[in-house]
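One-letter residues, chain by chain:
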Amino acid sequence: MDWGSLHTILGGVNKHSTSIGKIWLTVLFIFRIMILVVAAERVWGDEQDDFVCNTLQPGCKNVCYDHFFPISHIRLWALQLIFVSTPALLVAMHVAYRRHEKKRQFRKGDKKCEYKDIEEIRSQRFRIEGSLWWTYTSSIFFRLIFEAVFMYAFYFMYDGFRMPRLMKCNAWPCPNTVDCFVSRPTEKTVFTIFMIAVSSICILLNVAELCYLLTKFFLRRSKKAGNAKHHPNHENKEETKQNEMNELISDSCQNTVIGFTS
Amino acid sequence: MSWAFLRDLLSGVNKYSTGIGRIWVAVVFIFRLLVYVAAAENIWKYEHDEFECNIKQPGCENVCFDHFFPVSHVRLWALQLILVSTPSLLVVFHVAYRENREKRHSQTLYKSPGEIDGGLLCTYLISLVLKTGFEIVFLILFYKLYNGFKIPHLVKCDVRPCPNTVDCYISKPTEKMIFLYFLVATSCLCIVLNLSELSYLLCKYSVKCYLKRYTKEHR
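The paragraphs below set out a description of the structure included in this document. Fair warning: this is a prediction, and the values are worked out from it, not measured in the lab.

1. Description of the overall build of chain B
Working step 1: When you go through chain B residue by residue, the secondary structure sums to 7 helices and 3 strands.
Working step 2: For 219 residues, the compact-globule formula gives about 17 Å, and the C-alpha radius of gyration of chain B, at 24 Å, lies well above that figure.
Working step 3: Judged by the C-alpha coordinates and their principal axes, chain B covers about 85 × 35 × 25 Å.
Working step 4: Counting over 219 residues, chain B shows a buried share of 47%.
Working step 5: Pairs at least 24 residues apart make up 75% of the contacts formed inside chain B by residues separated by at least 6 positions.
Working step 6: On chain B, roughly 11,700 Å² of surface is accessible, and the fraction owed to carbon and sulfur atoms is 61%.
Working step 7: Taking the average place of the 25 positive charges on the side chains of chain B and the average place of its 18 negative ones, the gap between the two points comes to 12 Å.

2. Quick notes on a nonpolar patch on the surface
Residue and element names in this part refer to chain A.
Working step 1: Taken together, the side chains of Ile30, Phe31, Met34, Val37, Val38 and Phe194 define a hydrophobic patch exposed on the protein surface, amounting to about 510 Å² of accessible area.
Working step 2: For the nonpolar patch, the element with the most residues is helix H2 (residues 19–43), which contributes 5 residues.
Working step 3: Tracing the backbone shows phenylalanine 194 in helix H8 (residues 185–230).
Working step 4: By relative accessible area, which is 31% here, phenylalanine 194 ends up partly exposed.

3. Concerning the state of the cysteines
Residues and elements named next belong to chain A.
Working step 1: This structure, assessed with the given rule, holds 6 disulfides over all chains.
Working step 2: Two residues, cysteine 60 and cysteine 174, share a disulfide whose sulfurs are 1.9 Å apart. Negative torsions about the S-S bond denote left-handed disulfides, and the value of about 100 degrees found for cysteine 60 with cysteine 174 makes this one right-handed. Separated by 114 residues along the polypeptide, cysteine 60 in helix H3 (residues 60–68) and cysteine 174 in the loop between strand E2 (166–169) and strand E3 (178–181) bring together distant segments of the chain.

4. Quick word on the packing of helix H2 (residues 19–43) of chain B against helix H7 (residues 173–218) of chain B
All names here are of chain B.
Working step 1: Packing of H2 against H7 brings their axes to within 10 Å, and their N-to-C directions diverge by 165 degrees. When the interaxial angle is binned, H2 and H7 end up roughly antiparallel. Where H2 crosses over H7, the two elements pack in a sense that is left-handed.
Working step 2: For the contact of H2 with H7, a count of residues per class yields 15 nonpolar, 5 polar and 4 charged.

Rules used in this analysis
All residue numbers refer to position in the chain's written sequence, counted from 1. For naming, the first written chain is A and the first written ligand is 1, with later ones following in the order written. Where totals are concerned, whole chains, interfaces and linings use all residues; where local detail is concerned, this predicted model gives features only for residues with pLDDT of at least 70, and gives and counts side-chain atom pairs only at 80 or more. Values reported for side chains reflect all heavy atoms of the structure, with hydrogen atoms and water molecules removed beforehand. Strands are runs of DSSP state E lasting at least 2 residues, helices are runs of H or I lasting at least 4, and numbering of each runs from the N terminus. Atoms counted for the radius of gyration: C-alpha only. Globule rule: 2.2 Å times the number of residues to the power 0.38. Exposure classes here rest on a 1.4 Å probe applied to the protein chains alone. A residue is buried below 20% of its type maximum, exposed above 50%, and partly exposed in between. Only heavy atoms matter for contacts: two residues are in contact if any of them lie within 4.5 Å across the pair. Here, Shrake-Rupley sampling with a 1.4 Å probe gives the accessible areas, and only protein chains in the shown set may cover a residue. Just so you know, the count uses Lys and Arg for positive and Asp and Glu for negative, and it drops His and the chain ends. Every charge is mapped to an atom, namely NZ of Lys, CZ of Arg, CG of Asp or CD of Glu. Patches draw on residues past 30% relative accessible area with no salt bridge. Two like charges within 9 Å are joined, as are two nonpolar side chains (Val, Leu, Ile, Met, Phe, Trp, Tyr) within 5 Å. We define a salt bridge as a contact between a side-chain nitrogen of Lys or Arg and a carboxyl oxygen of Asp or Glu at a distance within 4 Å. The disulfide criterion is simple: two cysteine sulfur atoms within 2.5 Å. Fitted lines through C-alpha atoms give the axes, limited to the stretch in contact for helices. The angle between two N-to-C directions lies from 0 to 180 degrees. Roughly parallel here means an angle under 35 degrees, roughly antiparallel means over 145, roughly perpendicular means 65 to 115, and every remaining angle is called oblique. Should the near helix be turned counterclockwise from the far one by less than a right angle, the crossing is left-handed, whereas a clockwise turn marks it as right-handed. All residues other than Ala, Val, Leu, Ile, Met, Phe, Trp, Tyr, Cys, Pro, Asp, Glu, Lys and Arg, Gly among them, are scored as polar; the first ten of these are nonpolar and the last four charged.

So, in structure tokens, the structure goes:
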């Protein structure tokens, strides 16, 4: 169980995302998760061993380390990545539920059935409209909130995004104000700024995706309102054609189902 | 042999679960297993090396560490994850038994071997009760072993061979406490999910039973 499993779970969602959503997923996996696993974990690997305080007093180092790093950067990023990836599961669950409903309809031999077989249902890509639009938009909204909360928590806990070389500590049992030195401060600052920059890019992508979805929604609504205004009682020519096609498909579907069950 | 085995096991269970059961599997995978492997294991990795006592007496640190941490938090966490995931195997075995039976008799004995009704419903309910039981047992164990869910900075130890009451310092207590609270929160969430699934199944099947009896009587 590792980040690869998360990739498998979220990969399925990719099919039903918008193009911006696909870019977001790529940025997440390549510039955040991969960098975390391949590089950042090594940089922070020896953080407590190489945290050195200018005192021989036993316990002073432990207490000072705990005082300045209540939760390590690495763990905070891991939690951030987990929380930010989770809303996509809402979409995955909604799609799975829709597929399940369609399979049930198909098995019952419903007249509304538009598919030739179960494989088509399994591989079908659902359009982001109706209730799926609401699920998708809420998932982006939650993602944005989680990103913002974690970035703020980072800023608040570490007084900015810089890692200082030296910290002055006078927590008990340190006998007086003691100098403590952080290991690899510059490298840690570089990675912190990198991760913050990529988080900001992800926030921008999410905002852009949200705007795109909202624009699409309002355009579709105004189109529908426009259509209803101009043709209140007659069906569209296209709609009539579509209805005829649906009837033909449902008739052939009925025959296929009867053949299947016998 | 690693956590991937548990992951594959739970993926198999997912097929025969209700909607709430699938949410439970997702919570266990992502908020418990993934957090454990990606974060918690590393926090507790050097807990013994970084445990420091204010004394040079050989053996004192070892004895004090053993006195305050009879079983490490991470090991208890791992045991909890394993024991809580295992009751779902009962359902998988029962479905396999059903499919085997159909094969042996070469005829359709059930509407669908994976459908939760009859004996499989009992098995499913038992697995839910066991899961909830294990969660509660482990939460109580954590609480009793460590006097609550707090991890102190400093513990005072006077076990032999320490010559007197000695100050011992635990490494990363705040970070450990944050993840301990996270563990407790996700356990409670899983307990709530299990109890809702239990009530949902009991309601659904009692309504079904009642309607069947009602239609029979009317005929």
